[in-house]
Amino acid sequence: MKKKFKVAAVLLVLLIGSIYYYIELPALNIHEPGFWGFVIVVSLLLFIVTILPALKLGGAKPINLERESLWGLRKFLSRFFFWLTIGLFVFYIGGSILSSEIVNARKYHDLIQIQDGNFNQDIEQISYNEIPLLDKDSAALVGNRKMGTMVEYVSQFEVSPDYTQINYKNKPVRVTPLQYGNWLKWFTNQSEGIPAYICIDMATQNAECVKLSEGMKYTESDHFNRNIHRYLRFRYPTYMFDTLNFELDENGTPVYICPVKDYTIGLFGGETISKVVIVNAVTGEHKEYDVKDVPRWVDRVYSSDLLVSYYDYYGTLKHGFWNSILSQKDCMKTTDGYNYIALDDDVWVYTGVTSAGQDQSNVGFVLMNQRTGQTKYYQISGATEHSAMSSAEGKVQNLKYEATFPLLMNIAGKPTYFICLKDSAGLVKQHAMVNIEKYTVVAIGSTVAACEKDYIQQLKDNGIVKEEEEKKETKTVSGKILRMTDAVVDGNSHFYLVLEGSDAIYDASITNVMDVVRYQIGDEITLEYEEGEKSNPVVKIGGE
């Protein structure tokens, strides 16, 4: 009976420990907080299974040397596991404190290096068909609406709430896989896998359900060993994975981008990304990369929250931890919220920077590259994002539209908040542009083009940009001079030319193209000109 009890106790501990590990999936790594929880639970279970028999054997019974010896051993083991549990817990708490910013403020401050950016060089004005009009909530509405039309899938599958924003074929899109409706639907469909994913063009608001020739079998909605988290854990038992991101490779194949965390400050502090594992969601094929060698098509390696936390450490811990809590001298922090900008086929996180007090204005903003972690700071003061959102909502307060978190744009060389205004159903109805430096300049339009036109006019009316003639596109023509006449207009000499084979008149002003005097009738000439109503002004002659 005693041996059976020992075996049963050990098996019970192993069973509970295995179930805990299978569900929680802690990395077997001393830097993983979940690993310490796992070890403490196992130690506590061992204490319990040794203390109970010891208590039972400790009753008033006739002296038996074998019983007394067994009681002493179990008493020793129960004390050992008790103090081991206490020791592990204390070590965990101590490691947490020694890893914190309280004693490592400078190390946390130095987690990133900040570069000064040039706004007009780094953020060029983008065309209308590249502006992402949908936030994640709006994309979810569009995706669910699209799913409702897929009659062959709607009874068995749902749309996953992921909606990862990526650049795909130079377009901003949100992608998300389908997922099994419930356990029963997983059981009946898991052999074929998940048959499709949703891709939403954020500029045109068009949603496409992309059907796969072979279903996805390694996803977050799968169960048991095909669940992507469990699949990774059993192949990389010591790796600490950050948030997994659903993306598409260059060929449209669904993959999971799996960043591997590392801690550089003590046991649990200074989180960074050291490696990336890419898993093919269809075949399960996986490949590991150092973070610096990640393929260029990958968009999301560093999570938005991790990048934002880096700047918050940098901005608040300049003069130590206690300064960030008490006097807050020179302390800066990111504003509440962020958005994404597509630059050079990468996705950058945008957020404003404000003082750590109750300041209602920004002192600048930062862009953070989600693939490389590169961070740029732009010293442009103005309204916070939420102030701009309130200004935009105030323009249409009778319609009770809700503003989305702003997107940073370059309009007429000025930093501008671009905001979508949604109705109560979550659909985008109008667009707004708010000048960051002067947030009383607010333009509203039912289309992006109408909104921009109104906005630029307001910039001119408020003297923020100069009223200038629109620069026209130039064209080039070559030919033999058929006729050539000179005249004086407003005190300036002009030569009017007609080339063989054309009735067009070209106006060459001496003040702009003095070399025109070198030509006469019959000469070959090349003119660069702007189209006009009666004549075409010449801006350049030949190789001038």
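Just so it is clear, the model here is predicted, and its values are computed rather than measured.

Caption draft 1: Structural context of unusual backbone geometry. With a phi angle near 70 degrees, Gln205 is a residue other than glycine that sits in the positive phi range. Here Gln205 lies in the loop between strand 5 (194-201) and strand 6 (207-216). Taking the relative accessible area as the measure of exposure, Gln205 reaches 30% and is therefore partly exposed. Phi at Phe224 is positive, roughly 55 degrees, even though this residue is not glycine. Within the secondary structure, Phe224 sits in the loop between strand 6 and helix 8 (228-235). You can call Phe224 partly exposed: its relative accessible area is 44%.

Caption draft 2: Broad picture of the sheet that holds strand 25 (residues 492-499). Strands sit in the order 24-25-26-28-27 around a closed barrel of five strands; the barrel is mixed. Strand-to-strand twist in this sheet, taken as the mean axis angle between neighbours without regard to direction, amounts to 55 degrees. Two strands pair when backbone bridges link them, and strand 24 (residues 474-489) and strand 27 (residues 524-530) are joined in this way by seven bridges, in the antiparallel orientation. By the bridge assignment for strand 27, Gly479 is matched with Ile525.

Caption draft 3: Representation of the pairing of strand 26 (residues 506-509) in the model. Both faces of strand 26 are covered, namely the face carrying Tyr506 and Ala508 and the face carrying Asp507 and Ser509. From the end of strand 25 to the start of strand 26, which pair antiparallel, there are six residues, and Gly501 there has a positive phi angle of about 80 degrees. Summarising the sheet, strand 26 and strand 28 (residues 536-541) pair through two bridges and their orientation is parallel. Residue Tyr506 lies in a different strand from strand 28, and its bridge partner there is Asn536.

Caption draft 4: Expanded view of the side chain of Ser304. Looking at the element boundaries, Ser304 is found in helix 9 (residues 304-316). In this structure, Ser304 is in contact with Tyr338, Tyr340, Val349 and Gln370, ignoring residues within four places of it in sequence.

Caption draft 5: Focus on the environment of Gly413. Mapped onto the elements, Gly413 comes out in the loop between strand 20 (407-411) and strand 21 (414-422). Using a relative accessible area of 29% as the deciding quantity, one classes Gly413 as partly exposed. In this structure, the C-alpha to C-alpha distance between Gly413 and Ile123, residues 290 residues apart in sequence, is 9.3 Å. Filtering out sequence-adjacent residues up to four positions away, Gly413 remains in contact with Phe119 and Asn120.

Caption draft 6: Quick peek at the pattern of salt bridges. Following the criterion strictly, the structure yields 15 salt bridges and no others. A salt bridge links Arg296 to Asp346; its shortest N-O distance comes to 3.8 Å. You can see Arg296 sitting in the loop between strand 11 (286-290) and helix 9 and its partner Asp346 sitting in strand 14 (residues 346-355), a full 50 residues away along the chain. Its relative accessible area of 44% is what places Arg296 among the partly exposed residues.

Caption draft 7: Expanded view of the packing of aromatic side chains. Per the counting criterion, the structure on display carries 28 aromatic pairs. Summarising the aromatic geometry, the rings of Tyr236 and Phe241 are spaced 6.3 Å apart at their centres and angled 80 degrees between planes, so their arrangement reads as edge-to-face. For the pair Tyr236 and Phe241, one class covers both residues: buried. For Arg230, the ring lying beneath its charged end belongs to Tyr22, and the centroid distance is 4.2 Å.

Caption draft 8: View of the state of the cysteines. Throughout the structure, instances matching the rule amount to zero disulfides. Cys258 takes part in no disulfide bond, and the closest cysteine sulfur to it belongs to Cys199, at a distance of 20 Å. On the basis of relative accessible area, Cys258 is assigned to the buried category, the value being 0%. This cysteine, Cys451, is not joined by any disulfide, and Cys420 carries the nearest cysteine sulfur, 9.4 Å off. Its relative accessible area of 0% is what places Cys451 among the buried residues.

Caption draft 9: Fine view of a nonpolar patch on the surface. Among the surface-exposed residues, Phe82, Trp83, Ile86, Phe89, Val90, Ile93 and Ile97 lie close enough to one another that they form a single nonpolar patch of about 680 Å² accessible area. Considering the arrangement of structural elements, one finds Phe89 in helix 3 (residues 65-98). You can call Phe89 partly exposed: its relative accessible area is 46%.

Caption draft 10: Fine view of the pairing of strand 22 (residues 428-435). With respect to burial, strand 22 is a largely interior element, seven of its eight residues being buried. Pairing of strand 21 with strand 22 involves seven bridges; the strand directions are antiparallel. Following the sheet pairing, Phe418 is matched in strand 22 by Met433. Here strand 22 pairs with strand 23 (residues 442-445) via four bridges, running antiparallel. Along strand 23, the bridge assignment pairs Ala432 with Ile444.

Caption draft 11: Summary view of the confidence of the model for the chain. Chain-level pLDDT for the chain is 88 on average; 92% of the residues reach the 70-or-more range. Scored below 50 in pLDDT, residues 57-66 makes eight contacts in the model with residues more than four places away or belonging to other chains.

Caption draft 12: Representation of the environment of Ala412 in the model. Position of Ala412 relative to the elements: it lies in the loop between strand 20 and strand 21. With a relative accessible area of 34%, Ala412 lands in the partly exposed category. It is 9.5 Å that separates the C-alpha atoms of Ala412 and Tyr455, two residues lying 43 residues apart in sequence. The residues touching Ala412, leaving out its near neighbours within four places in the chain, are Gln125, Ile456, Leu459 and Val465.

Reading the values: rules and limits
- Residues numbered from 1 in each chain as written.
- Predicted model: local features only at pLDDT ≥ 70, side-chain atom pairs only at ≥ 80, totals over all residues.
- Heavy atoms only, no water.
- Helix = DSSP H or I, 4+ residues; strand = E, 2+ residues; numbered from the N terminus.
- Buried < 20%, exposed > 50% of the residue type's maximum accessible area, 1.4 Å probe, protein only.
- Pairing = 2+ DSSP bridges.
- Axes fitted to C-alpha atoms, helices over the stretch in contact; angles between N-to-C directions.
- Contact = heavy atoms within 4.5 Å.
- Salt bridge = Lys/Arg side-chain N within 4 Å of Asp/Glu carboxyl O.
- Phe/Tyr/Trp six-rings, centres within 6.5 Å; stacked < 30°, edge-to-face > 60°.
- Lys NZ or Arg CZ within 6 Å of the ring centre and 35° of its normal.
- Disulfide = S-S within 2.5 Å.
- Patch = residues over 30% accessible without salt bridge, like charges linked within 9 Å, V, L, I, M, F, W, Y side chains within 5 Å.
- Areas by Shrake-Rupley, 256 points an atom, 1.4 Å probe, with all protein chains shown as cover.
- pLDDT = per-residue confidence, 0-100.

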